Amino acid sequence: MLFENHLTADDMVRAAKLELTPPVLTGAYMSQLNAIEAFWVDIVHPFVHHRDSWPLRQLAVATLSDRAIGHGRVVPRLNSLVYQQTVTSAERSVIELWLDIRLLHQNVIADGPQRLFAFGEYQKLLSAKRTDRFFLEYPELDESPSAALPHRGFIAKEGARIDAQTQKLWGKPPDHWSGMKLKERAKAVGPEAQLKVAHGYDMRNFASHTGVAGVLNVPSSTFELIYNQSVANIADCMMDILKVLGVELDVSKTVAEYDYIVEYFSDLHSFCLCDALLRGAGEPQRLFFRSGPWGVKNV
C-alpha cells in the first residue's frame, strides 16, 4: 500500500479551525485501523508464519498480537453507532491483551512467557474438570458415548503434570497468569497504561456484562463519545503492539520498511482527520491509500 499524501502544513492549520465531531474523529481512527489491517495481512502475518517455530518469548508476543489484531480487524466492519456495545467489548479485550504484551516486553515478570503458556494449560485442565463434574452430576443430560470422554482423556493424560506445574509456579492458581489484578497489571506497565484502564473502565464492563447499567437514561451523544473512545483505544493499542512486535521479533532485519511504515502510522490518524475535515468543507481529497508496494509519497 502506498500512502499518497498531498496535505500541506497550511491544510493542517485550516483543518484545525473546523468543527470536529465524534463521527469524523471516529472515521479517522477507522481509516488508521484499515491501514493497520492491510499492513498486518501483507507484512506481519507472512513474517510471523514464515517459520515453523519461534523461541518461547517471541511465540508469546506473536500469539497475543494475533489475538489483538483479530479484534482490530473486525472493528472497521462495525462502522456504525449501533455497534457501540460490541466495539466497546472488543476494546476491553484489546486493552487487556496489550497489557499482557507490555508485561512481557518490559520483563515485569522474569519467567513471563513460561507462566503465560502454563496458565493456558491450567485453564484447559480446569475447563475439562468442570465438564467432567457436570456430566457426573447430571448423567441424564449426557450423550452415549459420553460428551465428557475427550475431557476425561485429557485429565487422565495431562492432569497430574499440569497440576504439578501449576503448584510449582503459583501454589494457589491465580486468576491471571501474572498473578495480578487488572489495575495492578496496568500500574506495573506504567502511568499511560493506568490511564487507559481507568478511563472508561466501567463503560467497558457495562458493555460486556449483563444488566442495564451504561444504557439506562444515557443520551445518544454519550454513546457517540464512548464509541469514539473505544475505536481510538483499539487503534492506539494496535499501534503500540506493532512497535513491540517489531522489536521482539526483530522484523526490520527481514522487512526493511517495517519501522518506517509503523512510525508513519503514528501520524496517519492526524492526516486522515485533516483530510476528512477539509472534504467535509467541500475541498478535494488529498490523502489516498493506493494499492501496491508499501511506501509513502508526500506530494
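Residues numbered from 1 in each chain as written. Predicted model: local features only at pLDDT ≥ 70, side-chain atom pairs only at ≥ 80, totals over all residues. Heavy atoms only, no water.

Student: Looking at this model, I keep getting lost on the overall build of the protein chain. Mind explaining?
Tutor: A count of helices and strands for the protein chain gives 11 helices and 3 strands. N-terminal to C-terminal, the α/β element order of the protein chain is β-α-α-α-α-α-α-α-α-α-α-α-β-β. With respect to the three principal axes, the spread of C-alpha positions in the protein chain is 70 × 55 × 40 Å. Taken over 299 residues, the protein chain has a buried fraction of 44%. In the protein chain, once contacts between residues fewer than 6 apart in sequence are set aside, the share between residues at least 24 apart is 80%. (Helix = DSSP H or I, 4+ residues; strand = E, 2+ residues; numbered from the N terminus. Buried < 20%, exposed > 50% of the residue type's maximum accessible area, 1.4 Å probe, protein only. Contact = heavy atoms within 4.5 Å.)

Student: Mind showing me how you'd approach unusual backbone geometry here?
Tutor: It is generally the case that most residues other than glycine have a negative phi and that most peptide bonds are trans. A cis amide bond links Ser144 with the next residue in sequence, Pro145, at an omega value of 0 degrees. Tracing the sequence through the fold places Pro145 in the loop between α5 (112-137) and α6 (149-170). A positive phi is found at Asn107, a non-glycine position, where the angle reads about 55 degrees. With respect to the secondary-structure elements, Asn107 resides in the loop between α4 (84-105) and α5. In this structure Asn107 comes out as partly exposed when scored by relative accessible area, which is 49%. In the Ramachandran plot, Asp250 falls in the positive-phi region, its phi being about 50 degrees despite a non-glycine side chain. Mapped onto the elements, Asp250 comes out in the loop between α10 (220-248) and α11 (258-280). Under the relative-accessibility criterion, Asp250 is labelled partly exposed at 33%.

Student: What exactly am I supposed to notice about the packing of α4 against helix α7 (residues 182-189) here?
Tutor: The description of two helices packed together rests on the angle between their axes and the distance between the axes. Running from N to C, α4 and α7 point in directions that differ by 45 degrees, and their axes come no closer than 10 Å. The angle between the axes of α4 and α7 places the two elements in the oblique class. Crossing angle aside, the handedness with which α4 passes α7 is left-handed. Between α4, through Glu96, Leu99, Asp100, Arg102 and Leu103, and α7, the contact on the second element is made entirely by Leu182, Arg185, Ala186, Ala188 and Val189. (Axes fitted to C-alpha atoms, helices over the stretch in contact; angles between N-to-C directions. Parallel < 35°, antiparallel > 145°, perpendicular 65-115°, else oblique. Left-handed = near helix turned anticlockwise from the far one by under 90°.)

Student: Looking at this structure, how should I read the nonpolar core?
Tutor: A general trend in soluble globular proteins is that nonpolar side chains are found buried together. Grouped together as the largest cluster of nonpolar side chains are 81 residues, with contacts concentrated most on Phe39, Leu99, Met238, Leu242, Tyr258, Phe265 and Trp294. Per-element accounting of this core gives the leading share, 14 residues, to helix α2 (residues 22-48). With residues near it in sequence (within four places) discarded, Trp294 still touches Met1, Phe3, Ala35, Ala38, Phe39, Asp42, Ile43, Glu257, Ile261 and Phe265. (Core = buried A, V, L, I, M, F, W, Y, C linked by side-chain atoms within 4.5 Å.)

Student: Where do I start with the sheet that holds strand β1 (residues 2-5) in this structure?
Tutor: Consider a sheet: its strands pair through backbone hydrogen bonds, and that pairing is either parallel or antiparallel. What the 3 strands build is an open sheet, ordered β2-β1-β3; its pairing is mixed. Since the sheet does not close on itself, it has two edges, and those belong to β2 (287-290) and β3 (295-298), each with one partner. Taken over all neighbouring pairs, the strand axes of this sheet differ in orientation by 15 degrees on average, direction set aside. Pairing of β1 with β2 involves 4 bridges; the strand directions are antiparallel. The residue bridging Asn5 from the neighbouring strand is Leu287, located in β2. (Pairing = 2+ DSSP bridges.)

Student: Which parts of the structure should I look at to understand the pattern of salt bridges?
Tutor: A side chain of one charge can pair with a side chain of the opposite charge when the charged atoms of the two come close. One pass over the full model with this rule turns up 22 salt bridges. Salt-bridge contacts for Arg14 lead to Asp11; the nearest nitrogen and oxygen are separated by 2.5 Å. Of this pair, Arg14 and Asp11 both sit in helix α1 (residues 9-16), 3 residues apart, which is roughly one turn of the helix. By relative accessible area, which is 28% here, Arg14 ends up partly exposed. Between Arg204 and Glu91 there is a salt bridge; the shortest N-O distance is 3.1 Å. Within this pair, whereas Arg204 is found in helix α9 (residues 201-208), its partner Glu91 is found in helix α4, the two being separated by 113 residues in sequence. (Salt bridge = Lys/Arg side-chain N within 4 Å of Asp/Glu carboxyl O.)

Student: How should I be thinking about the packing of α4 against α10 in this particular structure?
Tutor: Two numbers describe how α4 lies on α10: the axes approach to 9 Å, and their chain directions differ by 30 degrees. With respect to α10, the axis of α4 lies roughly parallel. As α4 packs across α10, the resulting crossing turns out to be left-handed.

Student: Would you take a moment to explain α11 for this structure?
Tutor: Two residues of an α-helix separated by three or four positions point the same way, owing to the 3.6 residues in each turn. End to end, α11 covers 32 Å across 23 residues, agreeing with the expected 33 Å (1.5 Å per residue, within 8%). A bend of about 45 degrees at Asp267 is the largest found in α11. Within two residues after α11, Gly282 carries a phi angle of roughly 95 degrees, on the positive side. (Expected span 1.5 Å × (residues − 1). Bend = angle between axes of the 7 residues up to and from the residue.)

Student: Whenever I open this one, the packing of aromatic side chains confuses me. Can you help?
Tutor: Between two aromatic rings, the relevant description is the distance of the centres plus the angle of the planes. In this structure the tally under the stated criterion is 14 aromatic pairs. Plain terms: the ring middles of Phe39 and Tyr258 are 5.4 Å apart, the flat faces sit at 40 degrees to each other, and that makes the pair tilted. Taken together, the positions of Phe39 in helix α2 and Tyr258 in helix α11 put the pair 219 residues apart, joining distant regions of the chain. Considered together, Phe39 and Tyr258 belong to a single accessibility category, that of buried residues. Members of the aromatic cluster, joined through ring pairs, are Phe3, Phe39, Tyr258, Tyr264, Phe265, Phe271, Phe289 and Trp294. Lying over the aromatic face of Trp54, Arg51 brings its terminal NZ or CZ to 4.0 Å of the ring centre. (Phe/Tyr/Trp six-rings, centres within 6.5 Å; stacked < 30°, edge-to-face > 60°. Lys NZ or Arg CZ within 6 Å of the ring centre and 35° of its normal.)

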